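# Understanding the architecture of this molecule
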Amino acid sequence: MEQELLLKLKRKAADVRKNIIDEVFSAGSGHPGGSLSCADILTVLYFKHMNVNSSTPKDPDRDRFVLSKGHASPVLYSVLAEKGFIPKKDLLTFRQADSYLEGHPSVKDVPGVDMTTGSLGQGICAACGMAQMGKLDKKDYRVYAILGDGELQEGQVWEAMMYAAHYKLDNLTAFLDHNGLQIDGDITKVMSPEPVAAKFEAFGWNVIIVDGHDMNQIDNAIEKAKKTKGKPTMIVAETVKGKGVSFMENQYGWHGKAPNQEQRDKAIAELDAYIENLGV
Amino acid sequence: MKKATRAAYGEALAEYGSNERIIVLDADLSKSTMTATFKELYPERFFNTGIAEANMISSAAGMATCNKIVFASSFAIFAAVRAAEQIRNSVCYPKLNVKIAATHAGISVGEDGATHQAIEDIAIMRALPNMTVIQPCDGRETKQAVKAIIDYNGPVYLRLGRLAVEDIYDNSYEFQIGKGVQLKDGCDVTIIATGLMVKPALDAYEALRSQGILARVINIHTIKPIDREIIVKAARETGAIVTAEEHNIIGGLGSAVCEVLCDEQPAPVKRVGIEDKFGKSGKPEDLIKMYGLTAENIIIKAKIAMALKKQ
């Protein structure tokens, strides 16, 4: 992609990360680690690829996005705010009793959210259903989904893997946010889903492995997925949990914990310094 | 004429299936749930998920977000009990237009035995916010219920049986979601029944009448939202209630009726149902007797309820 666009997207991803920190900080709870790890993927999707418009959030022809790892709601709300689906100031009401921004995304409450998720394994199945209807209705929309790597331990995920390949859902592109950590620690120590790429291939998916923080690689993989016929695509994104905030990176303790004031300020300062370095 | 409610479900899908918003899913049981008829007529709108009920329910939810009316069918034990959490989080919480049409409910499954006999599904389904729970008592009621839930926008659990059951209604019957039906009037006791227990309730009515006891008989096809008015009126006017259902006595119709009455019109209630135990293999007719799902048992309980009223 062009350098100018790349810089713009990098800047956007940094803004998305700042929102994530402030959402979780203001809520006093939430999941920063796994939100930061897929921030670059959502940024490339929403700001380069997806055909969505905040003035027509229920357009039947729009592309769909399902956050199967629903606990990463801060990154989704953050991107939806940056896209104009929800007011940015509302992000600070995240997880509050009088807010519509639930701890996990709710399709009936939040404009731009395409499916209620949070119970792991269910989102990817819903995405299959949407892709199937796209085929039936002969629509050109594409369906995107993000899975967590710990989520792969849910058996229901593999039911969906079978289903999507069986029905040749080539309008479905899923990402694996492969950050290697879950609540109780290293995924390979808790219950290893490895080798993930070989498993997806064995289930009949087109598999592309990318650096999940390299926007050019993410972009190219999405383009390849669009051109792939007869198979759904799984983009295995090698990511870093907590990416972009030094003290959160690769620390499973930041899976579901909010920063205190000092940590929040430090995180924002780091992201601001990163933005200044970008010079855009 | 005898017909299983699952057979009427299959016929109804065929009859109303020309509506292009209707999608039917099944988990490898289409010949038993009778969705195979729809598959023959509208193969492009039928999807077999294989033996994967969790995915069936969650993918149904995704389809429903695309302005579809999705029927997802399996045996009650696998649809409502195995996939209960998918129904809760993927369907009920977002209030999506998915109809869980579950066949082979209750012990009348017969020979397959306890593993395949859902006796707790009403309890689970009716505890879910946004869920409507319907159990028709014969073929005609089933067909009308299918038509009504196609027109209703939201989650529905439709509880159907394997066993052929006798007609209760004729062609003049008009089904309305949430509206109980008084089949017989009486002033001494009220029998409130659902599903295949409606027929034994009517048999009990005749036997009681020959003994000089006038029983009111009510068919509750919609267990949620339940017809509070008809139940309260029956308690006020007859003073004693018997419920009858092919379900655990915990959490089903009996519980739902008791909830209404203790809120609004306390009255003695006796419950006929499966006494908190698992089913077993056997001929359906034998099991129905063995588990006390009979007119005789309804009569016994009716007399106990009447005695309690007098105390």
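Description of the structure in this document. On a predicted model such as this, the values are computed, not experimentally measured, just so you know.

### Points about the packing of helix α1 (residues 5-16) of chain B against helix α8 (residues 139-151) of chain B
Residues and elements named next belong to chain B. Taken N-terminus to C-terminus, the directions of α1 and α8 make an angle of 45°; their axes are 8 Å apart at the nearest point. Classified by the interaxial angle, the pair formed by α1 and α8 is oblique. As α1 runs across α8, the sense of the crossing is right-handed. Side by side, α1 and α8 meet where T5, A7, A8, Y9, E11, A12, L13 and Y16 of the first sit next to G139, T142, K143, V146, K147 and I150 of the second. For the contact of α1 with α8, the residue count by class is 8 nonpolar, 3 polar and 3 charged.

### Here's the deal with helix α6 (residues 84-92) of chain B
The buried fraction of α6 of chain B amounts to 7 of the 9 residues, a majority that puts the element mostly inside the structure. Within α6 of chain B, the full set of buried residues consists of Q86, I87, R88, N89, S90, V91 and C92 of chain B. Among the structural elements, α5 (122-136) of chain A together with α4 (53-64), α5 (76-82) and β5 (98-103) of chain B are those in contact with the buried residues of α6 of chain B.

### A few points about the interface of chain A and chain B
Across the contact, 23 residues belong to chain A and 25 residues belong to chain B. Tallied by class, residues from the side of chain A that touches chain B come to 13 nonpolar, 7 polar and 3 charged.

### A few points about helix α3 (residues 39-49) of chain A
Quick reminder: α-helices carry 3.6 residues per turn. Residues three or four places apart thus point the same way. Of all the 11 residues making up α3 of chain A, 8 are buried; the element is thus mostly covered by neighbouring parts of the structure. Here α3 of chain A has its buried residues at A39, D40, I41, L42, T43, V44, L45 and Y46 of chain A.

### Quick word on the sheet that holds strand β3 (residues 172-178) of chain A
Strand pairing in a sheet takes place through backbone hydrogen bonds and is either antiparallel or parallel in direction. Residue and element names in this part refer to chain A. Read across the sheet, 5 strands follow the order β1-β2-β3-β7-β6 without closing on themselves; strand pairing throughout is parallel. Only two strands of the sheet have a single neighbouring strand rather than two, namely β1 (64-67) and β6 (206-211). Adjacent strand axes in the sheet meet at a mean angle of 20°, parallel and antiparallel pairs treated alike. Here 6 bridges tie β6 to strand β7 (residues 233-238), and the two strands are oriented parallel to one another. Note that in β7 the partner of I208 across the bridge is I235. Relative to the sheet, helix α9 (residues 215-227) contacts β3, β6 and β7, its axis offset from that of β6 by approximately 170°.

### What to know about the pairing of β3 of chain A
Residues and elements named next belong to chain A. β3 sits mainly inside the fold: 7 of its 7 residues count as buried. The side-chain alternation of β3 yields two buried faces, one formed by L172, A174, L176 and H178 and the other by T173, F175 and D177. Where strand β2 (residues 143-148) meets β3, 6 bridges bridge the pair, whose relative direction is parallel. Following the sheet pairing, V143 is matched in β3 by L172. Assessed by its sense of winding, the connection that carries the chain from β2 through helix α6 (residues 155-166) to β3 is right-handed. Across 6 bridges, the pairing between β3 and β7 is parallel. Its bridge partner lying in β7, A174 is registered against M234.

### Structural notes on the pairing of strand β2 (residues 22-26) of chain B
Along a regular strand, successive side chains alternate from one face of the sheet to the other. Residue and element names in this part refer to chain B. Among the 5 residues in β2, 4 count as buried, and that is most of the element. Taken together, the 5 bridges between β2 and strand β4 (residues 69-75) define a ladder with parallel strand orientation. Looking at β4, one finds that I23 is bridged to V70. The pairing of β2 with strand β3 (residues 46-48) spans 3 bridges and is classified as parallel. Looking at the pairing, V24 lines up with F46 of β3.

### Digging into the sheet that holds strand β11 (residues 215-219) of chain B
Residues and elements named next belong to chain B. In space, the 5 strands of this open sheet follow the order β9-β11-β10-β13-β14, with mixed pairing throughout. Edge positions in the sheet fall to β9 (181-184) and β14 (269-274), since each of these pairs with one other strand and no more. When the angles between neighbouring strand axes are averaged without regard to direction, this sheet yields 25°. In the sheet, strand β10 (residues 189-193) pairs with strand β13 (residues 241-248) via 4 bridges, with the strands oriented parallel. If you follow I192 over to β13, its bridge partner there is T243. Along the sheet, helix α13 (residues 295-310) makes contact with β10, β11, β13 and β14, crossing β14 at roughly 160°.

### Concerning the nonpolar core
Core analysis: the biggest nonpolar cluster contains 192 residues, and A102, I191, A201 and A302 of chain B have the highest contact counts within it. When sequence neighbours within four positions are dropped, the list of residues in contact with A102 of chain B reads S73, S74, F75, A76, A79, A80, D121, Y157, L158, R159 and L160 of chain B.

### What about the environment of G84 of chain A?
Residue and element names in this part refer to chain A. Inspection of the secondary structure puts G84 in the loop between α4 (73-82) and α5. Classification of G84 by C-beta neighbours within 10 Å gives partly exposed; the count is 13. Each C-alpha atom, one on G84 and one on N220, is 26 Å from the other, the two residues being 136 residues apart in sequence.

### Digging into the environment of K83 of chain A
Residues and elements named next belong to chain A. On the secondary structure map, K83 appears in the loop between α4 and α5. Residues K83 and F47, 36 residues apart in the sequence, show an inter-C-alpha distance of 8.0 Å. With residues near it in sequence (within four places) discarded, K83 still touches Y46, S54 and G112.

### Notes on the packing of helix α1 (residues 3-27) of chain A against α4 of chain A
Residue and element names in this part refer to chain A. Interaxial distance between α1 and α4 falls to 9 Å at its minimum, and their mutual angle equals 125°. Considered as vectors, α1 and α4 are oriented oblique to each other. Remark: the crossing between α1 and α4 carries right-handed chirality. Contact residues: α1 offers K12, D15, V16, N19, I20, E23 and V24, while α4 offers P74, V75, Y77, S78, V79, A81 and E82. Residues belonging to the contact of α1 with α4 are distributed by class as follows: 8 nonpolar, 2 polar and 4 charged.

Reading guide: rules and limits
Residues numbered from 1 in each chain as written. Chains lettered and ligands numbered in written order. Predicted model: local features only at pLDDT ≥ 70, side-chain atom pairs only at ≥ 80, totals over all residues. Axes fitted to C-alpha atoms, helices over the stretch in contact; angles between N-to-C directions. Helix = DSSP H or I, 4+ residues; strand = E, 2+ residues; numbered from the N terminus. Parallel < 35°, antiparallel > 145°, perpendicular 65-115°, else oblique. Left-handed = near helix turned anticlockwise from the far one by under 90°. Contact = placed C-beta atoms within 7 Å. Nonpolar A, V, L, I, M, F, W, Y, C, P; charged D, E, K, R; others polar. Buried ≥ 20, exposed ≤ 12 C-beta atoms within 10 Å, placed from the backbone. Pairing = 2+ DSSP bridges. Right-handed = clockwise from strand over helix to strand, strands pointing away. Core = buried A, V, L, I, M, F, W, Y, C linked by C-beta atoms within 7 Å.

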